[in-house]
Amino acid sequence: PQIRKMLAFGVCTSTVQLPGKVAIVTGANTGIGKETAKELARRGARVYLACRDVQKGELVAREIQAVTGNQQVLVRKLDLADTKCIRAFTKDFLAEEKHLHILINNAGVMMCPYSKTADGFEMHMGVNHLGHFLLTHLLLEKLKESAPSRVINVSSFGHHLGRIHFHNLQGEKFYHSGLAYCHSKLANILFTRELARRLQGSGITTYSVHPGSVISELTRHSSFMRFMSWLFYYFLKTPQQGAQTSLYCALTEGLEVLSGNHFSDCRVTWVSAQARNETVARRLWDVSCDLLGLPVD
Ligand SMILES: NC(=O)C1=CN([C@@H]2O[C@H](COP(=O)(O)OP(=O)(O)OC[C@H]3O[C@@H](n4cnc5c(N)ncnc54)[C@H](OP(=O)(O)O)[C@@H]3O)[C@@H](O)[C@H]2O)C=CC1
Ligand SMILES: CC1=C(/C=C/C(C)=C/C=C/C(C)=C/C=O)C(C)(C)CCC1
C-alpha cells in the first residue's frame, strides 16, 4: 500500500458538492467506473449507472447507496455494442430527466478477439469510440440545457500506439487486438478535441483522461496482460486511485479554459502527434456520423 500510495500521483482535491446535479457513468458496475460513480454519489449527485449487465449494476447500486447514504443511484441498461440499445437508453433518460450535468464515457473493452458489434463495427472501435460518440450526440441537447456541463472521455496512454486507418476502420483488412484497442483510445482523444472545438461557447466542456495503470477487469481478454498486472501488482493503481483524474475533470472549478485537453494524474498531459491532427479529428467526426446515420454538419 505504501508503494502504491507513492506511485499514485494525482488526487482530486476538489471539495465541490453535487446536490441537484445529474450524472451518467458508463461501465459503472466495476473498476474505475464504479469508483467514479461512488464519489459522485458521495457528493450528492443523482447518478445513473449505465451498464450492459443490469443485475451486476443493481448490486453495485445497492453497495454505493449503503456506503454513501445517497439513495439516488439508479441503474439503466446500456450496451454500447448495440446502437438500438444506446438509442433506447437515451430515449428513456431524456423522458425521465430534466438535466444532465456530467457525462462520464468510461466503459471500455481491451484486446478482444476479432468480433463485431450488433451493427457490424469492430468491437473496440464500436464500443470504445462509436458507442460513446452516439451516446454523447443523443445527449448533447440535454447537456446544453443543463450548462455548465461536462463530458469526460476515458482514453489511455495506449493512444500513443494508435492510428486511424480510415481504409480499415473495422479491422477487416488487418487486425491486432492490442493495436485495435490503441486505435479506439486515439479516437477517444480526437473526438474530445473536435467536440471541444464544436462546443466552444455552448457551456459544455469536454476532457479526455488517462486514468493510470489500474488493477481492473480490463485485462480479461489477455492472459499476457493479466500476467503483467499480477507481476506489477504493487505498482498499479487501485480503481479508486484510477478514478481520480476523471473526477478531477468532472469537478474542478475553473477547468473550462482547458476544454479539449488530455489529462493524466490530474494534470494536462501531452498527446501523440496523431491525436493533435485536426484534419484527422474532423474526418473521424464525419466518418463516425456517417457510420451511425447521424447528420454530418
Ligand atoms: N485499467 C487500466 O489500467 C486502464 C483503463 N483505461 C480505461 O478505463 C476505462 C475503464 O476501464 P477499467 O475500469 O479498467 O475496466 P473494467 O473492465 O474493470 O471496466 C470496464 C467497464 O466497461 C463495461 N463495458 C464493456 N463493454 C461494454 C458494452 N458493450 N456496453 C456497456 N458497457 C461495457 C464493463 O461492463 P461488464 O462488467 O459488464 O463487462 C465494465 O463495467 C476504459 O475505458 C479503459 O479503456 C485506460 C487506461 C488504463
Ligand atoms: C510493464 C510495466 C508496468 C505495468 C503496466 C501495466 C500492467 C499496464 C496496464 C495498462 C493497461 C491495462 C492500459 C490500458 O489502457 C508498470 C507497473 C507501469 C511499471 C513499468 C513496467
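As a convention, each chain's residues are numbered from 1 in the sequence order in which they are written. Think of it this way: whatever chain is written first is A, whatever ligand is written first is 1, and the rest follow in order. Predicted model: local features are reported for residues with pLDDT of at least 70 only, side-chain atom pairs are reported and counted for 80 or more only, and whole-chain, interface and lining totals are derived from all residues. Side-chain metrics rest on all non-hydrogen atoms present in the structure, leaving aside hydrogens and water.

An unreviewed UniProt entry lists the protein chain under the name NADP-retinol dehydrogenase, with Heterocephalus glaber as the source organism. UniProt positions are given in the numbering used here, feature names are shortened, and annotations may be inferred rather than shown by experiment. In its Pathway (unreviewed entry) section, UniProt records this for the protein chain: "Cofactor metabolism; retinol metabolism." The Sequence similarities (unreviewed entry) field of the UniProt record for the protein chain holds the comment "Belongs to the short-chain dehydrogenases/reductases (SDR) family."

**Here's the deal with the site of ligand 2**
We call a residue near a molecule or strand when any one of its heavy atoms sits within 4 Å of it. Around ligand 2, a shell composed of M110, S156, Y181, S213, L218, M225, M228, S229, F232, F235 and L236 is seen. Polar contact is defined as a pair of N or O atoms within 3.5 Å, subject to the rule that within protein one atom must be able to donate a hydrogen and the other to accept it, and that residues adjacent in sequence are counted only when both atoms are side-chain atoms. Residue S156 places a side-chain N or O atom 2.7 Å away from an oxygen atom belonging to ligand 2. Separating an oxygen atom of ligand 2 from a side-chain N or O atom of Y181 is a distance of 2.6 Å. Here the open area of atoms and residues is found with the Shrake-Rupley method and a 1.4 Å probe, where only the protein chains shown may cover a residue. Here ligand 2 loses 69% of its free accessible area of 540 Å² to cover by the protein chains. The element that contributes the greatest number of residues to the shell around ligand 2 is helix α7 (residues 223-231), accounting for three residues. Any residue outside Ala, Val, Leu, Ile, Met, Phe, Trp, Tyr, Cys, Pro, Asp, Glu, Lys and Arg is labelled polar, Gly included; the first ten of those are nonpolar and the last four are charged. When the residues that make up the shell around ligand 2 are grouped by side-chain class, the tally is eight nonpolar, three polar and no charged. We count a stretch as a helix when DSSP gives it H or I for four or more residues in a row; a strand needs E for two or more, and each element gets its number in order from the N terminus.

**Concerning unusual backbone geometry**
Along the chain, A147 connects to P148 via a cis peptide bond; the corresponding omega equals 5 degrees. Note that P148 resides in the loop between α5 (123-145) and β5 (149-154). With a phi close to 50 degrees, D265 is a non-glycine residue in the positive phi region. One can find D265 in the loop between β7 (262-264) and β8 (267-268). With phi around 60 degrees, C266 is a residue other than glycine that occupies positive phi space. Within the element layout of this structure, C266 appears in the loop between β7 and β8.

**As for the packing of helix α6 (residues 177-198) against helix α10 (residues 278-292)**
Where α6 contacts α10, the axes come no closer than 9 Å and their chain directions differ by 90 degrees. Classed by the angle they form, the pair α6 and α10 counts as roughly perpendicular. The residues of α10 that touch α6, namely those facing A187, L190, F191, E194, L195, R197 and R198, are E278, V280, A281, R282, L284, W285 and D286. In terms of residue class, the contact of α6 with α10 is made up of eight nonpolar, no polar and six charged. Axis lines are fitted to C-alpha atoms, over the contacting stretch for helices. Their N-to-C directions set the angle, which ranges from 0 to 180 degrees. By the definition adopted for this analysis, an angle is roughly parallel if under 35 degrees, roughly antiparallel if over 145, roughly perpendicular if from 65 to 115, and oblique otherwise. Any pair of residues with heavy atoms lying within 4.5 Å of one another is described as a contacting pair.

**Description of the site of ligand 1**
Neighbouring residues of ligand 1: 30 residues in total, closest N29, R52, Y181, V214 and S216. One nitrogen or oxygen atom from the main chain of L80 is found 2.8 Å from a nitrogen atom belonging to ligand 1. Within the contact set of ligand 1, an oxygen atom lies 2.6 Å away from a side-chain nitrogen or oxygen of Y181. The protein chains hide 97% of the 900 Å² of surface that ligand 1 would expose on its own. Listed by contribution, the elements that provide at least two residues to the shell around ligand 1 are α2 (31-42) and α6. In terms of residue class, the shell around ligand 1 is made up of 12 nonpolar, 12 polar and six charged.

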